[in-house]
Amino acid sequence: MVKEERFYPALGFHFNVVFKDLGTKKFDNLFQSVSGLSVDLETEEITEGGENRFKYKLPKRSKYPNLVLKRGLLLDSGVIDWCRDAIQNFQIKPKHIDVILLGEDHQAIKTWSIINAYPVKWNTGDFNAEENKVAIETLEFTYNYFTVK
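### Here's the deal with the overall build of the protein chain
Scanning the protein chain from N- to C-terminus turns up 1 helix and 9 strands. Ordered by position from N to C terminus, the α and β elements of the protein chain give β-β-β-β-β-α-β-β-β-β. For 149 residues, the compact-globule formula gives about 15 Å, and the C-alpha radius of gyration of the protein chain, at 20 Å, lies well above that figure. Here the protein chain holds 149 residues, and the buried ones make up 28% of them.

Written out as structure tokens, the structure is:
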């Protein structure tokens, strides 16, 4: 008898972010959101003489947007120390970052390995005395490419 496998789409709220070769502190891997895990294939249009119905589109290269991570503002963070060194002191030290989607058993379902990432933007959200919200910091990284495992 064949065991029936069930398909359950992965939930996007259970994930972990790991900074490779970076002395991270206790909560440095916890983020509210991750965006920028996409890739586009750039194309170049070529016009052929005498062919007026269409243009040929030829592939050029892959294009990756910046990786954007958001979380509550931390007072003590190895990741922020790394970002500060890069942005304020121009000490650019690229790192690999793994974004790991976790299942209900806390095991990795899928991993995006971001290659040679370094910070390009660090933003602290607005403060407003009329709202009771967590202070959010946004970290933005450029990188060469990512692989999916």
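### Concerning the layout of surface pockets
Reported here for the largest pocket is a volume of approximately 300 Å³. Lining of the largest pocket is provided by Tyr8, Pro9, Ala10, Leu11, Phe13, His14, Leu102, Gly103, Glu104 and Ile109. Residue composition of the lining of the largest pocket, by class: 7 nonpolar, 2 polar and 1 charged.

### Brief notes about unusual backbone geometry
Of note, the phi angle at Phe90 is positive, near 55°, even though the residue is not glycine. Tracing the backbone through its elements, the reader meets Phe90 in the loop between α1 (78-89) and β6 (95-102). Judged by relative accessible area, which is 67%, Phe90 ranks as exposed. With a phi angle near 65°, His106 is a residue other than glycine that sits in the positive phi range. Here His106 shows up in the loop between β6 and β7 (108-124).

Rules behind the numbers
- Residues numbered from 1 in each chain as written.
- Predicted model: local features only at pLDDT ≥ 70, side-chain atom pairs only at ≥ 80, totals over all residues.
- Heavy atoms only, no water.
- Helix = DSSP H or I, 4+ residues; strand = E, 2+ residues; numbered from the N terminus.
- Rg over C-alpha atoms; globule rule 2.2 N^0.38 Å.
- Buried < 20%, exposed > 50% of the residue type's maximum accessible area, 1.4 Å probe, protein only.
- 1 Å grid on protein atoms, 1.4 Å probe; cavity = no way out; pocket = protein on both sides within 12 Å on 5 of 7 lines; lining within 4 Å.
- Points joined across faces, edges and corners; volume = space filled by probe spheres on them.
- Nonpolar A, V, L, I, M, F, W, Y, C, P; charged D, E, K, R; others polar.

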